[in-house]
Amino acid sequence: MNIILLGPPGAGKGTQAARLVEHHGMRQLSTGDMLRAAVKAQTPVGLEAKAIMERGELVSDEIVSKLIDAELTAMGPDVGAIFDGYPRTAAQAEQLDAILARHGRKLDHVIELEVDEDALVERIIGRFTCANCGAGYHDIYKLPKVAGVCDKCGSTEFKRRPDDNEETVRTRMAEYRAKTAPILPIYDARGIVTRIDGMAAIDTVTDRIEQVLAS
Ligand code: AMP
């Protein structure tokens, strides 16, 4: 099974992808995570991407498509893929078709998480993760049970993404509206898009996605 999770920043793609990984043994392919790892490791890709990401703009199609291709090669054919934050442009959607064909895979579902943009800003600027295990938290919606201690691993170190500030978030949303939302008709024409209310409770969204995967 190969699926794309689409939706503006903060729609819950990463949260839902992590659940699918847990439930189905699928693999999350997040170009954002791959790029952040490249920035941290100061690879040539990371050095090129850093300033672009800090502004909330899009990294080049070639770079992200190469990252996806390499991950699929490393994964082997039997593991399902969840594309999270990719494709983000019409060119990437085309490149993904070619990459999937090369790997003998086909796209089963595109799930769009529909959300209210103003609520998203609050969602995004409040989010933080455990620096050790990556568990996700939020200043208002999901604080650790014991203040300052990760529920999952007990770490007391947390981090925030440098691009989760209001100005950058607005740019990321504008990029989504201008470049990513217009690729949906490509997948609509294939009859594989399901739209889900991304403002619903996290568990409700997961249930809806599970229904789609079972259909
Ligand atoms: P994300 O974690 O998906 O919100 O991505 C964080 C940032 O990484 C984005 O704001 C872009 O600068 C960059 N990025 C991630 N995925 C892509 C992609 N598919 N195409 C272009 N840029 C991307």
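Residues numbered from 1 in each chain as written. Predicted model: local features only at pLDDT ≥ 70, side-chain atom pairs only at ≥ 80, totals over all residues. Heavy atoms only, no water.

(A) Molecular detail of the overall build of the chain. Secondary structure summary: the chain contains nine helices and eight strands in total. At 17 Å, the chain has a C-alpha radius of gyration in line with the 17 Å of a compact globule built from 215 residues. Across the 215 residues in the chain, those meeting the buried criterion constitute 43%. At a minimum sequence separation of 6, the contacts of the chain that also span at least 24 residues come to 69%. Counting only carbon and sulfur atoms, one obtains 53% of the accessible surface of the chain, whose full area is about 10,900 Å². Taking the average place of the 27 positive charges on the side chains of the chain and the average place of its 33 negative ones, the gap between the two points comes to 3 Å. (Helix = DSSP H or I, 4+ residues; strand = E, 2+ residues; numbered from the N terminus. Rg over C-alpha atoms; globule rule 2.2 N^0.38 Å. Buried < 20%, exposed > 50% of the residue type's maximum accessible area, 1.4 Å probe, protein only. Contact = heavy atoms within 4.5 Å. Areas by Shrake-Rupley, 256 points an atom, 1.4 Å probe, with all protein chains shown as cover. Lys, Arg positive; Asp, Glu negative; His and termini not counted. Charge placed at Lys NZ, Arg CZ, Asp CG, Glu CD.)

(B) Looking closely at helix α7 (residues 166-180). With 15 residues, α7 extends 20 Å between its outermost C-alpha atoms, agreeing within 8% with the 21 Å of an ideal straight helix rising 1.5 Å per residue. All of the buried residues in α7 are T168, V169, R172, M173, E175, Y176 and T180. With its buried residues spanning 155 degrees around the axis, α7 presents them on a single face. Of the exposed residues in α7, the ones pointing more than 90 degrees away from its buried face are E167 and A178. (Expected span 1.5 Å × (residues − 1). Arc of directions from axis to C-beta.)

(C) Focus on the site of the ligand. Around the ligand sit 16 residues, and of these T31, R36, E57, G85 and Q92 come closest. A distance of 3.0 Å separates a nitrogen atom of the ligand from a polar side-chain atom of R88. Burial of the ligand by the protein chains amounts to 97% of its free accessible area of 480 Å². Broken down by element, the residue count for the shell around the ligand peaks at four residues, all from helix α2 (residues 31-41). (Near = heavy atom within 4 Å. Polar contact = N/O pair within 3.5 Å; in protein donor to acceptor, adjacent residues only side chain to side chain.)

(D) Main features of the pattern of salt bridges. Under the defined criterion, the tally for this structure stands at 21 salt bridges. In this structure, D97 engages R190 in a salt bridge whose closest nitrogen and oxygen atoms are separated by 2.6 Å. Here the residue D97 occupies a position in helix α5 (residues 90-102), and R190 occupies one in the loop between α8 (184-188) and β8 (193-197), the gap between them amounting to 93 residues. The exposure class of D97 is partly exposed, given its relative accessible area of 29%. Residue D164 pairs with R161 through a salt bridge whose shortest N-O separation is 4.0 Å. A network of salt bridges, in which partner residues are shared, links R127, R161, D163, D164 and R172. (Salt bridge = Lys/Arg side-chain N within 4 Å of Asp/Glu carboxyl O.)

(E) Representation of the nonpolar core in the model. L72, F83, V110 and Y187 are the most contacted members of the largest nonpolar core, which has 29 residues in total. Elements represented by at least two residues in this core include exactly β1 (2-6), α2, α3 (44-55), α4 (61-75), β3 (81-84), α5 and α8. No other element matches the five residues that α4 contributes to this core. Ranked by size, the runner-up nonpolar core spans 14 residues in total, among them I82, I111, I196 and V212. (Core = buried A, V, L, I, M, F, W, Y, C linked by side-chain atoms within 4.5 Å.)

(F) Focus on helix α9 (residues 202-214). Helix length check: α9 (13 residues) gives 19 Å between terminal C-alpha atoms against 18 Å at 1.5 Å per residue, within 8%. When α9 is considered as a whole, its buried residues turn out to be V205, T206, I209, V212 and L213. Considered in projection along α9, the buried side chains sweep an arc of 120 degrees and stay on one side of the axis. Of the surrounding elements, those touching the buried residues of α9 are β1, α1 (13-24), β4 (109-114) and β8.

(G) Up close: the side chain of E112. Of note, E112 is situated in strand β4. Among the residues examined, E112 registers a relative accessible area of 11% and is labelled buried. Excluding anything up to four places from it in sequence, E112 contacts L6, Y176, L184, T194, R195 and I196.

(H) Main features of the sheet that holds strand β7 (residues 158-159). Strand order in the open sheet made by the three strands is β6-β5-β7, with antiparallel pairing throughout. Two strands in the sheet have a free side with no partner beyond their single neighbour: β6 (136-138) and β7. Bridging between strand β5 (residues 127-130) and β6 involves three bridges; their strand directions are antiparallel. Counted as the bridge partner of F128 is Y137 from β6. (Pairing = 2+ DSSP bridges.)

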